[in-house]
Amino acid sequence: MADIKIGAYICKGCGLQDRLDISQLEMTATRDGKAVFAKTHDMLCSQEGVDMIKADLQGGDDAAANRVMIAACSRRAKVEAFAFGNTPTIRANLREGVIWVRPDEDEHKETTQEMADDYIRMGCAEAKAQEPAEASAEQQLDKHILVVGGGYTGLTAAIEAEAAGYPVTIVEKAAQLGGMTAQLYKKIPSCSPYADPQDTGIDAMIKSVEDNANITVHLNSTLTRTSGAPGRFAADISTESGSTTTENFGAIVQASGQKLYDPSGLSQYAYSGNADVITNLEMEALAKAADGGPIKRPSDGKEVKSVAFVQNVGQCSDEEDQLSYHSGWGDVVAIKQAMYFKDLNGSDCDTTIMFDNLRTPGAGGEDFYRSGQRKGITFTKADITEVIAGNELEVKFKDQILDNDTSMQCDLVVLDVGTLPNSGPDPYAPAAEEDEVVVNVDSILNLDYRQGTDLPHLKHGFTDSHFICFPYETRRTGIYAAGPVRRPMDLAQARDDAAGAAMKAIQEAENAGKGMAAHPRVGDLSFPSFRKEGCTQCKRCTVECPFGAINEDEEGYPVYNESRCRRCGTCMGACPVRVISFKNYSVETVGQQIKNVDVPDEFDEKPRILVLACENDAYPALDMAAMNGTEITPWARVIPVRCLGSISLSWVTDSMNNGYDGVVLMGCRRDDDYQCHFVKGSAMAAERMSKVGDTLSTLNLEPERVVIHEVAITDIQRAPQLINDMAETVDKIGMSPFKF
Amino acid sequence: MTELNAAMVERYRSNFLKEVEANVEEGEWVKMCMQCGVCAGSCPLGNAWEHTPQKIFMMVRAGEREAVLNSDAMWMCTSCYNCIARCPRGLPITHIMHGLAHYAKRMGLAPKEQPTAKFAQLFWDNLVKKGRVNELKLGISLYFMNGFSEGIKTSLKMKDIGLGMLKTKRMSPMEMLGGHGVKDSAGFQKMLKKAQELEDKRISGSTD
Amino acid sequence: MTEIVATNETILVVGGGISGMTAALEAAETGKQVILVEKRAYVGGRISQLYKYFPKLCFPTCGLEINQRRSKMNPNLTILTMAEVTDISGEAGAYTASIKISPRYVNENCTGCGDCAKAVELEVSDDFNYGMNTHKAAYLPHKMAHPQRYVLDPAIIGTDDAEKAKAACKYNAVDLDMQEENIELKAGAVVWATGWQPYDANKIQPYGYDRMANVITNVEFERMMDPTGPTGGKLLRPSDGKEAKDVAFIQCAGSRDKNHLLHCSRICCMASLKQSTYVTEAWGDDASSTIYYIDIRAIDRFEDFYKKVQADENVKFIKSKVASIVENKENGNPTLHGVDTEGYHRYATEHELVVLAVGMQPSVDKDAFPIDITINEEGFIEPSSENGGVFAAGSASDALDVNRAVQHATGAALRAVQVVNRVARAEG
């Protein structure tokens, strides 16, 4: 390998020249930072400046430089200009990080210059500690997509992925394709006009799948083992009869669907034992059975003349054993089913929908509501008290508009029950209490992963991510949930969702093929590796990886499964013996920055405060504060980190040992509504840091020297304040005695 | 209960909404109401109403036939059309209110002493005599609607306005003697009779 | 002159809001060449103007940062700002799009240093804050604007201010001679993601938005609560800067109404529930929020959030479409008139501030769409095989919340990828 040759490039633009001693910075870069040269430019981001850097990188091993240290603006600015392929490129933030946060006054010149000099030293140290990232040998392109579940969502995902040129295998547990949709008489309209129930189209979909040579279907089959990683998944597909085939896949779409809530336990609806009180799904069967003629009621075959739709049964409820959420489609489905009666039993058939808040959103929803009214469906805002069984059923309710208790008679009652996801067991389900009744759920994927067999649940058993902006994120890379297993949804939404999940699956198959990370670090070729001789097989990394990427070998050493890794560095932060690293991010890349900050001795009265800031939220917040000209103490040295979860405790203890006076950690929110895109990083850092106080005590240091804060990207006033607060704390408790 | 009313009750049994749809002007719109209440809030006389239009629509759906037809609510409408202008569903609310009032009257269920109902009757009686409204007679019959002494009182109260109108020739005392009418009075009566027949047939024949 | 390389394997994404960015990034991260055309001077669209997202109450700029970083890092994606598609001809696999690029008067030399803004004197309406304040006529649209490049308002072109801006720039970034450009691009598939606009509240006359300072819209309220917004994140009412502790939210302001928008805009219920938490957050137990609604449409798991807000004693719900608003001239309070339909109770209630939950008007011009496409009564693009290789994404297809829009846009990206992959196979 070629020697490390750091080219230091110092920009003089944007006022840097006016505020800083550029020649001193050059000297710092070469003398302290060991850069092979330092060059300056009036406007480094200009074509000329960029070309200058590029020229230095030409020539392979003989190139003038093979590491680039750019001292200019924030790493968030001019990213496109300063892109030099695989060459490690470090940004020392002199604009947003120094001159914009310090007053332009002579008395501050010295400390401002010190800040800038330190960032140059840190930049060079980081450049030195980085290696060019290269894809691992593990990479493999496999365009084959596995779709688990052959219902509407699974079929759509298969058809859509195949249409993009990717072969698909569908594994379906049942003896036929079509899932719950095949049980429907008709569907809610999914295209204009949103006026009448529409054909589900499921038969045509099944046929197109069966006729497609690039789509393989396994019926009566389940996955008995899924191992590997994106690009090299191996799935054992087993039939009921016991035969098993193993196939390889690039990525997986899990479309395992939903089941509906069982209202048997809710005595007020008289569902149990009364054939004429049925669920919305049973209503579909009834309509199907009518075969185009009038719908007859189950008990005696009498043609239905009046029907009540009781909405929100066992859902939107605070009661135990009921669903606290809503299906989203319950009211639209009731309108559709009431239309069945208007269409099949005649417009004289009385149909009443007893709703609470009528949820018919969007353009199609509201159109369909109006169409239902036009057809003569009666809508009553009602609080249902009970359903009384009998030859003629009675529904007792409070009319919320007329504010009175009343009742209606009808031939049939249809209960709007909600949906539950068909997800596998949650790998992170809390251990059951001793006397708790545990319902065992069959695994869907049977993942051969250290952290459980299936996709983690978020809430209520749904396997979605927690991210509004990135709905397809799951905590198992390359496995994308689609359809009502992910969140409650109707067919139109499932259609889009299946396409979206298929998109993510083919994307991940492609990126895994190139050895690139998945979201949110697409393009990153680095991957974690560990020094085996140092590893104590403590298993913290394998347990704490938020994506379940790491398995253990027979001796208990970690097995990284690179393409399952999201490059957050949580394993790095977990490792007590510091053996895990990425080529472009490691204990060293940050540790060396910390070590290379110049810590003045105690009598200079210039404290040093280390700020480790989440690169996605706290760091941009500081940048924006800088744009506002908000002052930050000149003692602060800010280092962006991928995630607070990647913070090695050694960075904190080393900085203390090196004489820093305070450490401020800034991560994102960590409660139930956590925001970390690496899931638990911030929470884990908080837990790990909770023990740091003990360490400080053993060093005879005050615990308040190390603080951890939740900082949001909008905290543009608060983030600088938190740093300045530490300066005040240091002022109060005094300088660290650990300065040399 | 009038005979017609009894027949309608029998015909529509529990389904008042259908009765309204079939027999009340613009009644087929009632089902389109989504209970937002903007008509009720927009009505300038809303606070004088026993039931607002939105509530009446709900009562119709709930089958509260007596309560709706006995109500004086729809008699309060002054045809300002605010409700129609505001209704997000485009319901011709003013027309439905008049339609319901008219239907209640036909069924003999309109409140007996309701002033606008009484005035409406006076207006009708006055109009059908000659095909034109005799304003003087209409005014006087309105004043005496609630008895002789009330009539005298109201007349005295209004005398300045009356005299003023006479002076500016906005009213002729000669109208008292019969007043003017349409040219073809017989034709007019024939037309009314035919209209009544059609209306009767529509109502009684709606389920034939 | 803007030079772009585009082929029949290129995907053209129209609109750089959350849907357009998502479609563009998902396709680009799958290795496709993507050109994203955005009308504004920056990407991110309406989400960049939101303070928080429901139901997590997290910050949209957090996800925006990720998306902007994704786009900065991705060489497959080209972003054209201040650009609009004026015409599309051709068919799936072989489109030609005409694009009009308006002059920014600042070229890519801009370092974002801000010297031009310091030099310029004229203040113009700040569109990012819906005109609630002004900013310099040389400006960065917002703190996170990507590209991080200043813009000159056309109002100063030809004036001394423009010359001052030019003189202040050390990097030759201010180009006062910049002209409107019209370019043509090839594309195999088009993703149409032009999003939505807040319904014009002036059209709802009885609510007096045009007459009463203390009647504002929900999108303005978002800006008001944002620390970078016109009040620095303080809940102060416009008329007198007084702290607004008693806030009313009027639902379906323009939605579900044949006189305005026929459709339900889906997001406004959740938006008002969310905004009621702002009021509580600002004033604690002194806060009072009243939500006037027809139906609270908390779809699927948003129900949890609805319950959370219902549990807040400082938030009241009244099932009523407010009839009219009259200003109390003495204290500037808007008085709401209407009827609580649950049991029929008339009210005339004063509040300190009224927020109109205005609906989503699709930004799809039915009469001047650049290519023949299926558009429904409400103005949304229908999923139709007749649309060829043009695919709607996000709120161009229906009134969608952010999560649904992203979901939809990811699917739209796949459909575009299908077309260009077919082209690639055909071209070998």
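Residues numbered from 1 in each chain as written. Chains lettered and ligands numbered in written order. Predicted model: local features only at pLDDT ≥ 70, side-chain atom pairs only at ≥ 80, totals over all residues. Heavy atoms only, no water.

### Structural notes on the overall build of chain B
Consideration 1: The helix and strand inventory of chain B stands at twelve helices and zero strands.
Consideration 2: Listing every helix and strand of chain B by position from the N terminus yields α-α-α-α-α-α-α-α-α-α-α-α.
Consideration 3: Taken along the three principal axes of its C-alpha coordinates, chain B extends 55 × 40 × 30 Å.
Consideration 4: Taking all 208 residues of chain B together, the buried fraction comes to 40%.
Consideration 5: Working note: accessible area of chain B is about 11100 Å², and carbon and sulfur atoms make up 60% of it. (Helix = DSSP H or I, 4+ residues; strand = E, 2+ residues; numbered from the N terminus. Buried < 20%, exposed > 50% of the residue type's maximum accessible area, 1.4 Å probe, protein only. Areas by Shrake-Rupley, 256 points an atom, 1.4 Å probe, with all protein chains shown as cover.)

### Comments concerning the interface of chain C and chain A
Consideration 1: Contact with chain C, which involves 82 residues of that partner, is made by 98 residues of chain A.
Consideration 2: Looking only at chain C, the three residues that lose the most surface to chain A are Lys56, Arg301 and Gln407 of chain C, adding up to 11% of its buried area.
Consideration 3: Linking chain C with chain A are twelve salt bridges.
Consideration 4: Ionic pairing is found between Arg415 of chain C and Glu160 of chain A, a salt bridge with its closest N-O pair at 2.9 Å.
Consideration 5: Summed over the shared surface of chain C and chain A, the result is 47 residue pairs in polar contact (both at pLDDT 80 or more).
Consideration 6: Of all the secondary structure elements, the ones that give two or more residues to the side of chain C that touches chain A are helix H1 (18-28), helix H2 (60-73), helix H7 (302-310) and helix H8 (402-427) of chain C.
Consideration 7: At 16 residues, the largest contribution of residues to the side of chain C that touches chain A is made by H8 of chain C.
Consideration 8: Across the side of chain C that touches chain A, the residue classes break down as 33 nonpolar, 21 polar and 28 charged. (Contact = heavy atoms within 4.5 Å. Buried area = accessible area lost by both parts, 1.4 Å probe. Salt bridge = Lys/Arg side-chain N within 4 Å of Asp/Glu carboxyl O. Polar contact = N/O pair within 3.5 Å; in protein donor to acceptor, adjacent residues only side chain to side chain. Nonpolar A, V, L, I, M, F, W, Y, C, P; charged D, E, K, R; others polar.)

### Describing the domain arrangement of chain B
Residues and elements named next belong to chain B.
Consideration 1: What the domain assignment lists for chain B is domain 1 (3-111) and domain 2 (115-196).
Consideration 2: On a C-alpha basis, the centroid separation for the pair domain 1 and domain 2 is 28 Å.
Consideration 3: In this assembly, domain 1 packs against domain 2 so that about 370 Å² is buried in total across both faces, 49% of it on carbon and sulfur atoms.
Consideration 4: Its largest share of buried area at the contact with domain 2, domain 1 owes to Trp75, Lys105 and Arg106, together 87% of the area lost on that side.
Consideration 5: Applying the counting criterion to the domain 1 and domain 2 interface returns zero salt bridges.
Consideration 6: Between the two partners, domain 1 and domain 2, sit two residue pairs in polar contact (both at pLDDT 80 or more). (Domains from an automatic or database assignment.)

### A look at the sheet that holds strand S18 (residues 334-340) of chain C
All names here are of chain C.
Consideration 1: Read from one edge to the other, the open sheet built from three strands follows the order S17-S18-S19, with strand pairing classed as antiparallel. Among the strands making up the open sheet, the edge pair consists of strand S17 (324-327) and strand S19 (345-350). Ignoring which end each strand starts from, the neighbouring axes of this sheet average 20° apart.
Consideration 2: In the sheet, S17 pairs with S18 via four bridges, with the strands oriented antiparallel. (Pairing = 2+ DSSP bridges. Axes fitted to C-alpha atoms, helices over the stretch in contact; angles between N-to-C directions.)

### Some words on helix H2 (residues 16-23) of chain B
The α-helix winds at 3.6 residues per turn, so residues separated by three or four positions along the chain end up facing the same way.
Residues and elements named next belong to chain B.
Consideration 1: Residues Phe16, Leu17, Glu19, Val20 and Asn23 constitute the buried set of H2. One side of H2 carries all its buried residues, which in axial view fall inside an arc of 160°.
Consideration 2: Here H2 starts with a cap whose side-chain oxygen sits 3.3 Å from the backbone nitrogen of Leu17, and that cap is Asn15. (Arc of directions from axis to C-beta.)

### Digging into the environment of Cys269 of chain C
Consideration 1: By secondary structure assignment, the location of Cys269 of chain C is in helix H6 (residues 268-283).
Consideration 2: If near-sequence neighbours (up to four positions away) are discounted, Cys269 of chain C is found in contact with Gln251, Asp295, Ile296 and Arg297 of chain C.

### Here we look at the packing of helix H11 (residues 491-513) of chain A against H8 of chain C
Consideration 1: Interaxial distance between H11 of chain A and H8 of chain C falls to 7 Å at its minimum, and their mutual angle equals 60°. Both H11 of chain A and H8 of chain C take part in a crossing whose hand is left-handed. Facing H11 of chain A, whose interface residues are Gln493, Arg495, Asp496, Asp497, Ala499, Gly500, Ala502, Met503, Lys504 and Ile506 of chain A, H8 of chain C presents Arg404, Gln407, His408, Thr410, Gly411, Ala413, Leu414, Arg415 and Val417 of chain C.
Consideration 2: Looking at the contact of H11 of chain A with H8 of chain C residue by residue, the class counts come to seven nonpolar, six polar and six charged. (Left-handed = near helix turned anticlockwise from the far one by under 90°.)

### Considering the interface of chain A and chain B
Consideration 1: With 16 residues of chain A at the interface, the matching set in chain B holds 16 residues.
Consideration 2: Overall, the association of chain A and chain B removes approximately 1200 Å² of surface from exposure, summing both partners, and the carbon and sulfur fraction of that is 54%.
Consideration 3: Three residues, Gln373, Ile401 and Leu402 of chain A, lead the burial of chain A against chain B; their summed loss comes to 44% of the area buried on that side.
Consideration 4: The interface formed by chain A and chain B includes two salt bridges.
Consideration 5: Asp350 of chain A is the partner of Lys18 of chain B in a salt bridge, and the nearest nitrogen-oxygen pair spans 3.4 Å.
Consideration 6: At the junction of chain A with chain B, the criterion picks out ten residue pairs in polar contact (both at pLDDT 80 or more).
Consideration 7: Contributing elements (two or more residues each) for the side of chain A that touches chain B: helix H10 (362-374) and strand S16 (378-388) of chain A.
Consideration 8: Here the side of chain A that touches chain B takes five residues from H10 of chain A, the largest share from any one element.
Consideration 9: Looking at the side of chain A that touches chain B residue by residue, the classes come out as four nonpolar, six polar and six charged.

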